[in-house]
Every structure is written in structure tokens, then in C-alpha cells.
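If you want the building blocks of each chain, they are given just below.
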Amino acid sequence: MSSNKDYFNSKAELWDNIVDHDLKKVQRIIDLVEIKKGDKILDVGTGTGVLIPVLQACVGDQGQITAIDIAEKMIEVAKRKFDYSNVEFVVGDVLEKGVSDSDFDCIICYSMFPHFEDKKAAISTLAKHLKKNGKLVICHSQSRDAINHLHQEIPGPVQEDRLPSMDILKQMFESADINVSLEIDDEELFVIIGLL
Ligand SMILES: C[S@@+](CC[C@H](N)C(=O)[O-])C[C@H]1O[C@@H](n2cnc3c(N)ncnc32)[C@H](O)[C@@H]1O
């Protein structure tokens with residue numbers, strides 16, 4: 001049976017043509033995160049790296065970005081597009097030793113959280129990679145309904161992948177000792193930010 005990883009590998013070369021990111025919304029989300037110069041960021045499920053230039057502009061040359069993806073072909077495309085000296089690309093499962101650092105200022109799951117199988121465990125594992133007062137961000141530049149409907153329409157391994165409700169996510173953040181500091185759940189965006 002085909003896996004999530006196989007699915008995203010098969011889409012990597014075409015990803016930038018099939019996915020239409022609204023860069024104004026992406027920028028709005030990143031502005032809400034209030035990333036500082038010099039911050040160390042983990043971009044989870046970077047795909048072809050849509051967030052990378054936006055994050056790079058925030059952290060500056062003194063900052064660090066680790067861009068991880070389980071699908072190696074996504075990372076191949078991202079590497080071809082971006083050549084910043086402070087961006088490290090990692091192929092691996094973020095929940096399975098893909099990263100070892102535990103001092104990120106911010107961990108961002110942009111447009112990827114529905115693909116974790118055990119979402120509560122994912123949040124508590126990601127929290128272990130944050131420094132004290134670090135931020136965990138789960139975000140989408142679409143509404144929750146739109147994302148869940150989109151997945152439902154794609155036959156194959158992502159068909160059952162769902163973004164939980166804001167209330168469920170808040171409970172998951174709280175059980176990982178992360179305090180929710182911002183939530184947006186409307187027709188335009190879905191964003192939850194929490195502080196460890
Ligand atoms: C819907 S794509 C989004 C990619 C990118 N963030 C974007 O918005 O264009 C989800 C990505 O998450 C990756 N992914 C899924 N589960 C992962 C995991 N456990 N660890 C790392 N990456 C993962 C997939 O391979 C895929 O590239």
C-alpha cells in the first residue's frame with residue numbers, strides 16, 4: 001500500500017505548479033509568529049520550501065533554519081531553489097529522530113499537521129525540541145473546512161488526513177504544557193500559536 005511519503009514524493013516535481021500558495025496570507029501568518037533576528041526555526045514538512053525565503057528574511061543571516069521533510073524528492077526540489085548558508089535541509093520523519101536539537105525558538109507546521117497519524121503524540125514530541133518560551137505554530141492559509149474537504153477529495157493515502165478542531169488542538173497543546181497565545185479559525189486562515 002502506498003504511504004504518505006510515497007504520495008508526496010510522487011508530487012514533488014509538480015508541487016509548485018499544483019499548489020497555489022497565497023503569499024500574502026503566508027506573510028500574514030509569519031508576521032503573527034513574531035520571529036526575531038537570530039532565531040532558530042524548525043520548518044516541519046517544508047515540502048519545496050515555500051516558507052524558507054519568508055523565514056530567512058525574519059531570522060537574517062544570524063538565524064538558523066532547519067527544513068525537514070519525510071519525502072526526499074520534496075527536499076531535492078527545495079535544495080535546487082534555495083541556497084542560503086544558514087538553512088539546513090534534512091530528509092526524515094520529524095517524529096523519528098529526524099532532528100535532535102531541543103533549543104528551537106520556533107517550530108512551524110505549515111500546511112502539514114493533518115498528515116501526522118497520532119496528533120497528540122506529535123505535539124508532545126515537537127514540544128521536546130523547543131527551548132523554554134519557544135513557540136509551536138500549526139497553520140494553514142485556508143479554512144479548516146477547506147483543508148479537510150480537499151483531503152477528502154484526493155484518493156490515496158492522504159484521503160483520511162484531517163485537521164482537528166481548534167478545541168481539540170488546544171487540549172493537545174495544554175497536555176504538552178504549551179500555553180495557547182493566539183488562535184485564528186476563520187474562512188481565510190487556521191492558526192494556533194502556543195508558548196512552552
Ligand atoms: C501538504 S505538504 C506541504 C508542504 C509545504 N509545507 C507546503 O505548504 O508547500 C505536507 C508535507 O509534509 C511532509 N511530512 C508529512 N509527514 C511528515 C513527517 N512526519 N516528518 C516530516 N515531514 C512530513 C510531507 O512529505 C509533505 O512534503
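Everything here concerns the structure above.
Heads up: these notes are all about the structure in this document. This is a predicted model, so every value here is computed, not measured.

1. Some thoughts on the overall build of the protein
The helix and strand tally for the protein stands at eight helices and seven strands. A principal-axis box enclosing the C-alpha atoms of the protein has dimensions of 40 × 40 × 35 Å. Each of the 196 residues in the protein was classed as buried or not, and the buried ones make up 51%. Sequence-distant contacts, at least 24 apart, represent 66% of the contacts inside the protein between residues at least 6 apart. With the model as given, the accessible surface of the protein reaches about 9900 Å², and the carbon-plus-sulfur share is 47%.

2. Description of the pattern of salt bridges
Applying the stated criterion across every chain, the model contains seven salt bridges. The salt bridge partner of R80 is E13, with a shortest N-O separation of 2.6 Å. Of this pair, R80 sits in helix α5 (residues 72–81) while E13 is found in the loop between α1 (4–11) and α2 (15–18), placing the two residues 67 residues apart along the sequence. Given a relative accessible area of 58%, R80 falls into the exposed group. One salt bridge in this structure joins D105 and K131, with 2.8 Å as the shortest N-O distance. With a gap of 26 residues between them, D105 in strand β4 (residues 104–110) and K131 in strand β5 (residues 130–140) connect regions that are remote in the sequence.

3. Re the packing of α1 against α5
At a minimum axis separation of 7 Å, α1 and α5 run at an interaxial angle of 35°. Contacts from K5, F8 and N9 in α1 reach E72, K73 and M74 in α5. Looking at the contact of α1 with α5 residue by residue, the class counts come to two nonpolar, one polar and three charged.

4. Some words on the nonpolar core
Judged by nonpolar contacts, the single largest core of 30 residues is most densely connected at V44, F116, I123, I138 and L169. Mapped by element, the contributors of at least two residues to this core are β1 (40–44), β4, α6 (119–127), β5, α8 (166–175) and β7 (190–195). Apart from residues no more than four positions distant in its own chain, I138 is found in contact with C109, F113, I123, L163, L169, F173, F190, V191 and I192. The next biggest cluster of nonpolar side chains, apart from the first, holds 29 residues, and it includes L51, L55, V59 and I75.

5. Observations concerning the site of the ligand
In the vicinity of the ligand lie 19 residues, with W15, H21, G45, D69 and D93 positioned nearest. Here an oxygen atom of the ligand sits 2.9 Å away from a polar atom, N or O, in the side chain of W15. Contact distances for the ligand include 2.8 Å between a nitrogen atom and a side-chain N or O atom of D93. Considered on its own, the ligand offers 600 Å² of accessible surface; in the complex 96% of this is hidden by protein. Considering only residue class, the shell around the ligand consists of 10 nonpolar, seven polar and two charged.

6. A short note on the packing of aromatic side chains
Tallied over the full model, the rule gives four aromatic pairs. Arranged with centres 5.0 Å apart and planes meeting at 80°, the rings of Y7 and F8 form a pair that is edge-to-face. Residues F8 and W15 carry aromatic rings whose centres are separated by 5.8 Å and whose planes lie at 75° to one another, so their mutual orientation is edge-to-face. Take F8: its relative accessible area is 13%, and that puts it in the buried class.

Reading the values: the criteria
Residues numbered from 1 in each chain as written. Predicted model: local features only at pLDDT ≥ 70, side-chain atom pairs only at ≥ 80, totals over all residues. Heavy atoms only, no water. Helix = DSSP H or I, 4+ residues; strand = E, 2+ residues; numbered from the N terminus. Buried < 20%, exposed > 50% of the residue type's maximum accessible area, 1.4 Å probe, protein only. Contact = heavy atoms within 4.5 Å. Areas by Shrake-Rupley, 256 points an atom, 1.4 Å probe, with all protein chains shown as cover. Salt bridge = Lys/Arg side-chain N within 4 Å of Asp/Glu carboxyl O. Axes fitted to C-alpha atoms, helices over the stretch in contact; angles between N-to-C directions. Nonpolar A, V, L, I, M, F, W, Y, C, P; charged D, E, K, R; others polar. Core = buried A, V, L, I, M, F, W, Y, C linked by side-chain atoms within 4.5 Å. Near = heavy atom within 4 Å. Polar contact = N/O pair within 3.5 Å; in protein donor to acceptor, adjacent residues only side chain to side chain. Phe/Tyr/Trp six-rings, centres within 6.5 Å; stacked < 30°, edge-to-face > 60°.

By themselves these figures say nothing about function.
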